[in-house]
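Breakdown of the fold
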Amino acid sequence: MKTLLITGAAGQLGQLLRRQYAAQRQFKVLACDSAMLDITDDSALQRLFSAVRPDIVINCAAYTAVDSAEQQPERCMLVNAVASASLAALCRQYDSLLISFSTDYVFDGQHNAPYTESDPASPLNLYGKSKLLAEDAVVQAGRYITFRTSWLFSALPGNFASSIWRRAVRGEPVSVVSDQLGGPTPASALAEAVYRLTMDYAAQTCLPYGLYHFCGYPYCSWYDFAKAIYQLAAPQHQHCLTAINSPFPGSLAVRPAYSCLDSSLFQRTFTQPATDWRTEIESYVKKMRV
Ligand SMILES: NC(=O)c1ccc[n+]([C@@H]2O[C@H](COP(=O)([O-])OP(=O)(O)OC[C@H]3O[C@@H](n4cnc5c(N)ncnc54)[C@H](OP(=O)(O)O)[C@@H]3O)[C@@H](O)[C@H]2O)c1
């Protein structure tokens, strides 16, 4: 039986991946939250690899607080860039497949057509810079797949969609920027894509390695996304939602005005359909009601 290691397993994507693997028997899954495994602790990483010899590593651990990163650049770089390099080196040494996640914030937003994998990256903020360095670092693993994704959401607490839902049902006034466009992505769709890919890998021990964009459609603004949630969750409170221009008051990081990702390479390569976030948000809003 192959062994699969999930780091950052208590985060949004980590939790959904754990659920995804709960019912299968193909892999022995070792899911580590930050207390069990700090990916910036090189000796802990080495001990774990030597004991477990993972066939696959799914790195969900990341410093994801985009604004705080501007005030904690060293910590952000350590978790996202330096630790990714350590993981990649160990994956190379132990011949493990490394699956990692990057962000639409590696782009500067100057495009007016969806970004492809070959478009040059030029991040505007510290978080984006750290993730771009991580993308470069994971290549040394040899066997690697990096998903560049955007605006991940789920019914779990702590993401944009669940925060907006909570405020919508309470009828609280909410201001959301309408001049940043991107692709909301259901975290469960990404978890399912990762799951399928690892099942393929278990069957063939080979994959078309590389970098793939993975985001939901249709592209929209943060305001449009919030409006869709209001319409489903609390249409009677829609008047509480206001569109504003960026920057959002108090934000420390500059964000790209346009960060739509073209996911067609992933869809062609893995024969996967596009993910319509509107279908997912409908079912999430129902789940959030109960
Ligand atoms: N969320 C988005 O909108 C979005 C968009 C594009 C790309 N991504 C990327 O997608 C991936 C998954 O994101 P997510 O939404 O699941 O993020 P998340 O919910 O913030 O989860 C990140 C997890 O990493 C853990 N972590 C932080 N530092 C760690 C360390 N040194 N060692 C071990 N674990 C550590 C955190 O644990 P603690 O809380 O205990 O620190 C947290 O559980 C990340 O690579 C992120 O950059 C996310």
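Calculation criteria
Residues numbered from 1 in each chain as written. Predicted model: local features only at pLDDT ≥ 70, side-chain atom pairs only at ≥ 80, totals over all residues. Heavy atoms only, no water. UniProt positions renumbered as here; feature names shortened; annotations may be inferred. Near = heavy atom within 4 Å. Polar contact = N/O pair within 3.5 Å; in protein donor to acceptor, adjacent residues only side chain to side chain. Areas by Shrake-Rupley, 256 points an atom, 1.4 Å probe, with all protein chains shown as cover. Helix = DSSP H or I, 4+ residues; strand = E, 2+ residues; numbered from the N terminus. Nonpolar A, V, L, I, M, F, W, Y, C, P; charged D, E, K, R; others polar. Pairing = 2+ DSSP bridges. Axes fitted to C-alpha atoms, helices over the stretch in contact; angles between N-to-C directions. Contact = heavy atoms within 4.5 Å. Phe/Tyr/Trp six-rings, centres within 6.5 Å; stacked < 30°, edge-to-face > 60°.

The chain appears in an unreviewed UniProt entry as dTDP-4-dehydrorhamnose reductase from Rheinheimera aquimaris. Its UniProt record gives the chain a comment under Pathway (unreviewed entry), which states: "Carbohydrate biosynthesis; dTDP-L-rhamnose biosynthesis." Recorded in UniProt for the chain, the comment headed Function (unreviewed entry) runs: "Catalyzes the reduction of dTDP-6-deoxy-L-lyxo-4-hexulose to yield dTDP-L-rhamnose."

Around the ligand lies a shell of 23 residues, among which L13, S34, T64, Y127 and K131 are the nearest. Between the ligand and L13, the relevant distance is 2.8 Å, taken from an oxygen atom to a main-chain nitrogen or oxygen of the residue. Contact with the protein chains removes 77% of the 900 Å² of surface that the ligand exposes when unbound. Mapped onto the shell around the ligand, the elements with two or more residues apiece are α1 (12-21), α3 (73-94), β4 (97-103) and α4 (126-138). With 3 residues, the single largest contributor to the shell around the ligand is β4. Classifying every residue of the shell around the ligand gives 12 nonpolar, 8 polar and 3 charged.

One can expect most non-glycine residues to show negative phi and most peptide bonds to be in trans. In this structure, the amide linkage connecting Y217 to the following residue, P218, adopts the cis form with an omega of -5°. Omega for the bond connecting S246 with P247 falls within 30 degrees of zero, at 5°, which places this linkage in the cis form. You can see P247 is positioned in the loop between β12 (241-244) and α8 (264-269). Non-glycine residue R53 carries a positive phi angle of around 45°.

Take the sheet that holds strand β10 (residues 210-214) next. Reading across the sheet, the 6 strands line up as β2-β1-β3-β4-β5-β10 and stay open at both edges, with parallel pairing between neighbours. Every interior strand has two partners, whereas the edge strands, β2 (27-32) and β10, have only one. Recorded for the sheet is a direction-independent mean angle of 20° between the axes of neighbouring strands. As defined by bridge partners, β4 adjoins strand β5 (residues 144-149) across 6 bridges and the pair is classed as parallel. Bridged to L98 within β5 is Y144. Along the sheet, α4 makes contact with β4, β5 and β10, crossing β4 at roughly 155°. The strands that helix α6 (residues 187-204) touches are β1 (2-7), β2, β3 (56-59), β4, β5 and β10; relative to β4, the one it contacts most, it runs at about 160°.

With that out of the way, let us pick up the packing of aromatic side chains. Under the criterion given, the structure shown has 18 aromatic pairs. Seen in terms of ring centroids, F147 and F266 are 5.7 Å apart; in terms of plane orientation they differ by 65°. Their pairing is edge-to-face. With a gap of 119 residues between them, F147 in strand β5 and F266 in helix α8 connect regions that are remote in the sequence. Taking 3.7 Å as the distance between ring centres and 15° as the angle between the ring planes, the aromatic pair formed by W151 and W222 counts as stacked. Highlighted residues: W151 in the loop between β5 and β6 (152-153) and W222 in helix α7 (residues 222-233), separated in sequence by 71 residues. What links up through ring pairs into an aromatic cluster is the set W151, F153, F160, W222, F225, W277 and Y284.

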